[in-house]
Amino acid sequence: MSFEKDLKEFPFIETRKLGRVAVICHRNADADTYLSAYAVSKLLRSLAPGCKVDVITPGGMTVLTKKLSSKFPQETSEGDTGEKYDLFVAVDVGDIELLNEWKGRLEKAEGFRVLVDHHPMRDVKIYDRAIVDESATSAAEVVYALYRAKGMVPDAQASQALLEALLFDSSHLAIASPGGVRAAAALLDLGADLPAARKELRSEPDYGEVLAKLKGAQRTVIYKAGDWLVASTLVGSFQAHVARSLIYLGADVAVVSGESDGETRVSLRATQRFLETTGVKLGTQVAEEMARKLGGHGGGHSTAASFSTGVGEEEAMEATLVRLGELVGALKKLD
Ligand SMILES: [Mn+2]
């Protein structure tokens, strides 16, 4: 079934026969799934004015989503509602495991099951139709495409919701697809407010995280290896956040080590430029290697990785810096 055709045929059931609908978000609902569900529910209510829509957030929602839910209110249920549905619309779900107990509910459901998503398609057997655009940066773009295909215009609130979902999933458009940028512009034309969206997506700072980042930066030891700057520091928590912050400050590689509850956790980050130039993959060549050498477990991506081990934080740091030295050339400490 083609994507365009599916958009036009949504919701696949004669709208006057549509009684009750469940719109299902992914587990621990983020801004994209929650706000896309909000806009889909509005679309369904305009297409089928008689229908009742239940929004499901399996396992609740993130702190930011909770904040957004006061501006975009919709009644939500976390577990099984026990209701009978004519239609299920899963939004932004990606992996069916993210449906929690609603996975089982969908498997034996009698109603029509639709997926509206932008994640790579896998395990879509559970759905009768999958409306998936893998080139979209957010589920919100697919929901906006639904509105257009149905000849409907999202109202100001739904336009705002879709813009915020789109900004959330595209790192404020930095990684948006051409279609995402076009959708954002169209939503602005429909009345969405960009400064308000940016403001509403801002999270409250977490005091512990901020403190860890500032202390981590204060205690940073800097090394030079050829042209590369390696920043290392010890903090008891938020190692990954601190490592990312050191990269923001300009380090090419960040190594952050810290002990808590008798275990040492080491987070590693590098820039894309470092990866492309040196070919060093932090996940396989450093984190996995260190876990093997020191005892523990670890791995990750090429520019973001971590391992945990039973040795102390300083020993783990030392060994990691030696390993980096083997890969990119001897490290010299800067004063
Ligand atoms: Mn998404």
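These figures come from a predicted structure and were not determined experimentally. (Residues numbered from 1 in each chain as written. Predicted model: local features only at pLDDT ≥ 70, side-chain atom pairs only at ≥ 80, totals over all residues. Heavy atoms only, no water.)

**Describing helix α8 (residues 194-201)**
Helical geometry note: an α-helix holds 3.6 residues per turn, so side chains three or four residues apart project in the same direction.
Point 1. Of the residues making up α8, those classed as buried are A196, A197, E200 and L201. End-on view of α8: buried residues confined to an arc of 125°, all on one side of the axis. α8 presents P195 and K199 as exposed residues on the side facing more than 90 degrees away from its buried surface.
Point 2. For α8, the secondary structure elements touched by its buried residues are α2 (31-47), α3 (63-71) and α6 (156-169). (Buried < 20%, exposed > 50% of the residue type's maximum accessible area, 1.4 Å probe, protein only. Helix = DSSP H or I, 4+ residues; strand = E, 2+ residues; numbered from the N terminus. Arc of directions from axis to C-beta. Contact = heavy atoms within 4.5 Å.)

**As for the packing of aromatic side chains**
Point 1. In total, this model carries six aromatic pairs according to the counting rule given.
Point 2. With 5.4 Å between their ring centres and 75° between their planes, Y38 and F72 make a pair best called edge-to-face. Taken together, the residues span a long stretch of sequence, with Y38 in helix α2 and F72 in the loop between α3 and β3 (76-77) at a distance of 34 residues. Exposure class is identical for Y38 and F72. Each is buried. (Phe/Tyr/Trp six-rings, centres within 6.5 Å; stacked < 30°, edge-to-face > 60°.)

**Brief notes about the pairing of strand β4 (residues 87-91)**
Point 1. For β4, the buried fraction is high: five of the five residues fall into the buried class.
Point 2. Residues L87, V89 and V91 of β4 are buried on one face, and the alternating residues F88 and A90, pointing to the opposite face, are buried as well.
Point 3. Where strand β1 (residues 20-24) meets β4, four bridges bridge the pair, whose relative direction is parallel. Across the sheet, residue V23 finds its bridge partner in β4, namely V89.
Point 4. Pairing geometry for β4 and strand β5 (residues 112-117), over five bridges, is parallel. Directly across from L87, in β5, lies its bridge partner F112.
Point 5. In this view, the connection linking β4 to its parallel neighbour β5 by way of helix α4 (residues 102-107) has right-handed handedness. (Pairing = 2+ DSSP bridges. Right-handed = clockwise from strand over helix to strand, strands pointing away.)

**Comments concerning the coordination of the manganese ion**
Each donor-metal-donor angle in an ideal tetrahedron of four donors is 109.5 degrees, and each such angle in an ideal octahedron of six donors is either 90 or 180 degrees.
Point 1. For the manganese ion, the full set of protein donor atoms is D32 (OD), D92 (OD), H118 (NE2) and D169 (OD), at a range of 2.1 to 2.4 Å.
Point 2. Each donor residue of the manganese ion belongs to the same chain, and together they define the spacing D-x59-D-x25-H-x50-D. Residue D32 is found in helix α2, and its partner D92 is found in the loop between β4 and α4; the two are separated by 60 residues along the sequence. Pair check on accessibility: D32 and D92 agree, each one buried. (Donors = N, O, S within 2.8 Å, 3.2 Å for Na, K, Ca; no water.)

**Regarding the nonpolar core**
Point 1. F10, V21, V23, L44 and V89 are the most contacted members of the largest nonpolar core, which totals 54 residues.
Point 2. With 10 residues, the top contributor of residues to this core is α2.
Point 3. When sequence neighbours within four positions are dropped, the list of residues in contact with F10 reads L43, L44, L47, V89, V114, I131, L146 and K150.
Point 4. Among the nonpolar cores identified, the runner-up in size contains 25 residues, and V253, V255, A287 and A291 belong to it. (Core = buried A, V, L, I, M, F, W, Y, C linked by side-chain atoms within 4.5 Å.)

**Examining the domain arrangement of the chain**
Point 1. Here the domain parsing of the chain yields domain 1 (3-201) and domain 2 (207-333).
Point 2. When each unit is reduced to the centre of its C-alpha atoms, the spacing between domain 1 and domain 2 is 38 Å. (Domains from an automatic or database assignment.)

**Details of the environment of E14**
Point 1. Secondary-structure assignment places E14 in the loop between α1 (3-9) and β1.
Point 2. Between the C-alpha atoms of E14 and Y223, which are 209 residues apart in sequence, the distance is 67 Å.

**Let's talk about the state of the cysteines**
Point 1. Enumeration over the complete set of coordinates arrives at zero disulfides.
Point 2. C25 takes part in no disulfide bond, and the closest cysteine sulfur, belonging to C51, lies 16 Å away.
Point 3. Overall, the relative accessible area of 0% leaves C25 in the buried class.
Point 4. According to the relative accessible area criterion, C51 is buried, its value standing at 7%. (Disulfide = S-S within 2.5 Å.)

**Quick notes on the pairing of strand β2 (residues 52-56)**
Point 1. Across the five residues that make up β2, a large majority, four, are buried.
Point 2. Here β1 runs beside β2; their pairing, made up of five bridges, is parallel. Across the sheet, V23 pairs through a bridge with V55, a residue of β2.
Point 3. Chirality of the crossover, the property in question, places the unit of β1, α2 and β2 among those that are right-handed.
Point 4. Here β2 runs beside β3; their pairing, made up of two bridges, is parallel. Bridge pairing links I56 to S77 in β3.
Point 5. Where the polypeptide runs from β2 across α3 and back to β3, its parallel neighbour, the crossover connection is right-handed.

**Some remarks on the sheet that holds β5**
Within a sheet, neighbouring strands are paired by backbone hydrogen bonds and run either parallel or antiparallel to one another.
Point 1. The six strands lie next to each other as β3-β2-β1-β4-β5-β6, forming an open sheet whose pairing is parallel. Each of the sheet's edge strands pairs with one partner strand only, and the pair in question is β3 and β6 (129-132).
Point 2. Bridge count between β5 and β6: four bridges; the pairing is parallel. Within the sheet, the bridge partner assigned to V114 lies in β6 and is R129.
Point 3. Where α2 meets the sheet, its contacts fall on β1, β2, β3 and β4, and the angle it forms with β4 comes to roughly 145°. (Axes fitted to C-alpha atoms, helices over the stretch in contact; angles between N-to-C directions.)

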